[in-house]
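Coordinate analysis (summary)
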Amino acid sequence: MDPINSNASIDNSLSPKPEQPQLEEAASGFSAGKEVTVYEKSQSSFLNLPELTQRIIIRYLGFREITHLKKVCKYLRDLVENDKAQERAWYRQFHSPYQYQPKTIVRTKDEQQLRNWLKPFVDRDTVESLLKQQKSIYFPAQLLFINSKLMSQCKKFKLVDKAAILHRDRVKTATFSLDGRHLITASFDKTVKIYVQKDDGSWQPKVAISHDHSVLFANVSRDGRHLVTANVDRTARIYGLEDDGSSKIKATITHARRFNSAIFSLDGRHLVTTSNDRTAKIYGLEEDGSWEIKTTITHTCWVLPANFTADCRHLVTVSRDHKVKILSQGDDGSWKVEDTIRESSIILARLSPDGRHLVIFVKDFVLKIYGQGAAGPWVEKSTLRYESFASIKFSADSRHLATAGWDGKVKICNLQDDGSWQEIATMVHDDPVYLATFSADGRHLVTASDDNTAKICNLQADGSWKEMTTIVHDDSVHSATFSPDSLHVVTASEDNTAKIIGLQAGGFWLEKVIVQHDCAVTSAIFSADSRHVVTVSDDHKVRITELWKND
């Protein structure tokens, strides 16, 4: 069994396999002088419907139901396979920001690049069979589904070293572009390096951008077309990234004091910067490729990092002036403050991906969750109290919320039907927890702790959360990240290793391979197609490693 076909990634308590409908012999009788036929134990047969109607009905089913439907009989199995219903249902599990990734990955590759991409897990005959379906509108979903299925079926991965990127000082960030073909690293050595994947799968350096001062951070837009760097000299630059890996400065942004963040919207068409100079600035991408300032949001104290919603139409800024400002973009492209919420001693504020919920952490570790009322203003829905705080994260569907604390506790809250939030699960570590983050499908949560462990819990069919696996290291775990398809986790530890764990049938997780460094591993992430892992270590080195089937 594998976690995709057995659907262990959804929950580990599956509904019974549906039985093939059978027509029973009907009983006859008379009522009001008329003959009446009663079907006491029968229902209209799905199999008697026209095939087009059957296809339409199946498209309303979820991934779990379609997986079971394939097992009923050969006719239904063929119907599901010919309509690519399972692949499409799997693809629909992911919310819009994540659905964009498979399209980008597949559509940016030509036929030979697709062959090379499939090679680590797919035999030659299957590759050629898949490429014949390249013109189908369902081809991206089908290809990514097969890729995830084959990777999940692998019990062990083989590591193939693709590149080692050296800096002269500690590496601040390492980020993939959405199509997975560009890697951008930023270091305290005042440089940003861009590596590009060639057609043969190798990685080559393309650009090294030097700065006069240390780079605070570098972020790449989700579409991989733009890069922003922010420096300690109070300037940020937006670069356009060309297909050949070259770059060109598109805009220079200045603040009077230190930058706190520079973040792209998910569609890559907006950028927000925040600073200690008490302002946030929104820039927009113009039709001619230039970037122009759209608005400046003013606070009376320094501004913490801001965040966009998934639809890119809403933004929240938060400041030490006890104010949270919620902005919306109008149809004319302008940005206006929609509402202002005042709370004393705000530590942070986050909008949910759907823009309908706002969480504010205030002094004394009080968490307040707001929702937008029917009349427009934001109203407080829930107040929760904690003993400490390290991080907070919404799930992609905005229905779950996880907080991680220095007290070693991770608490999970679920959205209720009345708009309130209820704490329903607590995970406990022996030492502080650095983070807790959800998988892209919202079905799993992983933690990273100073107690040398990472823990994974799964969402159950009844809405509860169950702890499934503890990943053990020999030293602190700095980070733990899911693959974009939610089927693997990579951890980064002070013990010089990164471990890759995969989801198995029954909802359990299996260690598949260990990436070894000479120094502590500070971060580890997957590429958008889950095929590459990038690890960053304290020896100023970034490694790109490709995952292959271990024959």
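What counts, and where the lines are drawn
Residues numbered from 1 in each chain as written. Predicted model: local features only at pLDDT ≥ 70, side-chain atom pairs only at ≥ 80, totals over all residues. Heavy atoms only, no water. Helix = DSSP H or I, 4+ residues; strand = E, 2+ residues; numbered from the N terminus. Contact = heavy atoms within 4.5 Å. Areas by Shrake-Rupley, 256 points an atom, 1.4 Å probe, with all protein chains shown as cover. Salt bridge = Lys/Arg side-chain N within 4 Å of Asp/Glu carboxyl O. Buried < 20%, exposed > 50% of the residue type's maximum accessible area, 1.4 Å probe, protein only. Pairing = 2+ DSSP bridges. Axes fitted to C-alpha atoms, helices over the stretch in contact; angles between N-to-C directions. Polar contact = N/O pair within 3.5 Å; in protein donor to acceptor, adjacent residues only side chain to side chain. Parallel < 35°, antiparallel > 145°, perpendicular 65-115°, else oblique. Phe/Tyr/Trp six-rings, centres within 6.5 Å; stacked < 30°, edge-to-face > 60°. pLDDT = per-residue confidence, 0-100. Patch = residues over 30% accessible without salt bridge, like charges linked within 9 Å, V, L, I, M, F, W, Y side chains within 5 Å. Core = buried A, V, L, I, M, F, W, Y, C linked by side-chain atoms within 4.5 Å. Arc of directions from axis to C-beta.

What to know about the overall build of the protein
Per the secondary structure count, the protein includes eight helices and 38 strands. Excluding contacts between residues fewer than 6 apart, the proportion of contacts in the protein whose partners are at least 24 apart in sequence is 46%. Accessible area of the protein: about 24200 Å², with a carbon and sulfur share of 46%.

Overview of the environment of His357
Position of His357 among the secondary structure elements: in strand E21 (residues 357–362). Taking the C-alpha atoms as reference points, His357 and Leu415, 58 residues apart in sequence, are found 9.8 Å from one another. If near-sequence neighbours (up to four positions away) are discounted, His357 is found in contact with Arg350, Leu351, Ser352, Tyr370, Trp378, Phe394, Ser398, Leu415 and Trp421.

Comments concerning the pattern of salt bridges
Counted by the stated rule, this structure contains 18 salt bridges. Among the ionic pairs, Glu111 bridges to Arg115, the shortest N-O distance being 3.1 Å. Of the two residues, Glu111 and Arg115 both sit in helix H6 (residues 111–118), four residues apart, roughly one turn of that helix. Taking the relative accessible area as the measure of exposure, Arg115 reaches 24% and is therefore partly exposed. Residues participating in the shared-partner salt-bridge network are Glu51, Arg55, Arg59, Asp83 and Arg88.

A closer look at the sheet that holds strand E22 (residues 366–372)
In space, the four strands of this open sheet follow the order E20-E21-E22-E23, with antiparallel pairing throughout. One side of each edge strand has no neighbouring strand; the edge strands of this open sheet are strand E20 (346–351) and strand E23 (378–385). Here the strands of the sheet are splayed against their neighbours by 20° on average, with no regard to which way each runs. Pairing analysis gives five bridges linking E20 to E21, with the strands arranged antiparallel. Paired with Ile346 across the two strands is Val362, which belongs to E21.

Looking at the environment of Ser148
Topologically, Ser148 is positioned in helix H8 (residues 139–153). For Ser148, a relative accessible area of 1% translates into the label buried. As a C-alpha pair, Ser148 and Arg531 span 383 residues in sequence and 9.5 Å in three-dimensional space. At 2.6 Å, the side chain of Ser148 and the side chain of Asp485 are in polar contact.

Notes on the packing of H6 against H8
Look at H6 against H8: their axes get within 12 Å of each other, and the N-to-C directions meet at 20°. Relative to H8, the element H6 is oriented roughly parallel. Of the residues in H8, those in contact with Leu114, Trp117 and Leu118 of H6 are Phe139, Leu143, Leu144 and Asn147.

Things to note about the packing of aromatic side chains
Scanning the model with the defined rule gives eleven aromatic pairs in all. Between Phe308 and Trp335, the ring centres sit 6.0 Å apart and the planes meet at 65°, which makes this aromatic pair edge-to-face. In this pair, Phe308 is assigned in strand E16 (residues 307–308) and Trp335 in strand E19 (residues 335–342), connecting sequence segments 27 residues apart.

What about the side chain of His211?
Here His211 shows up in the loop between strand E7 (203–210) and strand E8 (215–220). Polar contacts involving the side chain of His211 include one to the side chain of Thr229, which spans 3.2 Å. Apart from the residues lying within four places of it in its own chain, the contact partners of His211 are Lys190, Val192, Thr229, Asn231, Arg237 and Tyr239.

Regarding the confidence of the model for the protein
On average, residues of the protein score 86 in pLDDT, and 88% of them are at 70 or above. Low pLDDT (under 50) marks residues 6–34, which in the prediction has 65 contacts with non-local residues, meaning those over four places away or in another chain. Counting contacts from residues 36–40, a segment whose pLDDT is below 50, to residues more than four positions away or on other chains yields eleven contacts.

Let's talk about the pairing of strand E4 (residues 171–176)
Pairing of E4 with strand E5 (residues 182–187) involves five bridges; the strand directions are antiparallel. In the strand pairing of E5, Val171 is matched with Ser187. Hairpin connection from E4 to E5: five residues lie between these consecutive antiparallel strands, with Gly180 at a positive phi of about 75°.

Let's talk about a nonpolar patch on the surface
Side chains of Leu52, Ile56 and Tyr60 sit close together on the surface and give an oily, nonpolar patch of about 390 Å² of accessible area. Inspection of the secondary structure puts Leu52 in helix H1 (residues 51–58).

Overview of the packing of H1 against helix H3 (residues 74–82)
Between H1 and H3, whose axes approach to 11 Å, the crossing angle comes to 70°. Relative to H3, H1 is oriented roughly perpendicular. Taking contact as the criterion, the partners of Glu51, Gln54, Arg55 and Ile58 in H1 are, on H3, Tyr75, Leu79, Val80 and Asn82.

Examining the nonpolar core
Formed by 44 residues in total, the largest nonpolar core has its most connected members in Ile58, Leu143, Phe157 and Ile500. Dropping the residues within four chain positions of it, Ile500 is found in contact with Phe157, His488, Val489, Val490, Leu510, Glu511, Lys512, Val513, Phe526, Val533 and Leu547.

Quick word on the sheet that holds strand E18 (residues 323–329)
Taken in spatial order, the four strands line up as E16-E17-E18-E19 in an open sheet, and their pairing is antiparallel. Either end of the sheet is taken by a strand with one partner, and the two such strands are E16 and E19. Note that E18 and E19 share seven bridges and pair antiparallel. Bridging from a neighbouring strand, Ser328 pairs with Lys336 of E19.

Some details on H6
Three- or four-residue spacings in an α-helix give side chains the same orientation, since the helix completes a turn every 3.6 residues. When H6 is considered as a whole, its buried residues turn out to be Gln113, Leu114, Trp117 and Leu118. One face of H6 carries all of its buried residues, which in axial projection span an arc of 130°.

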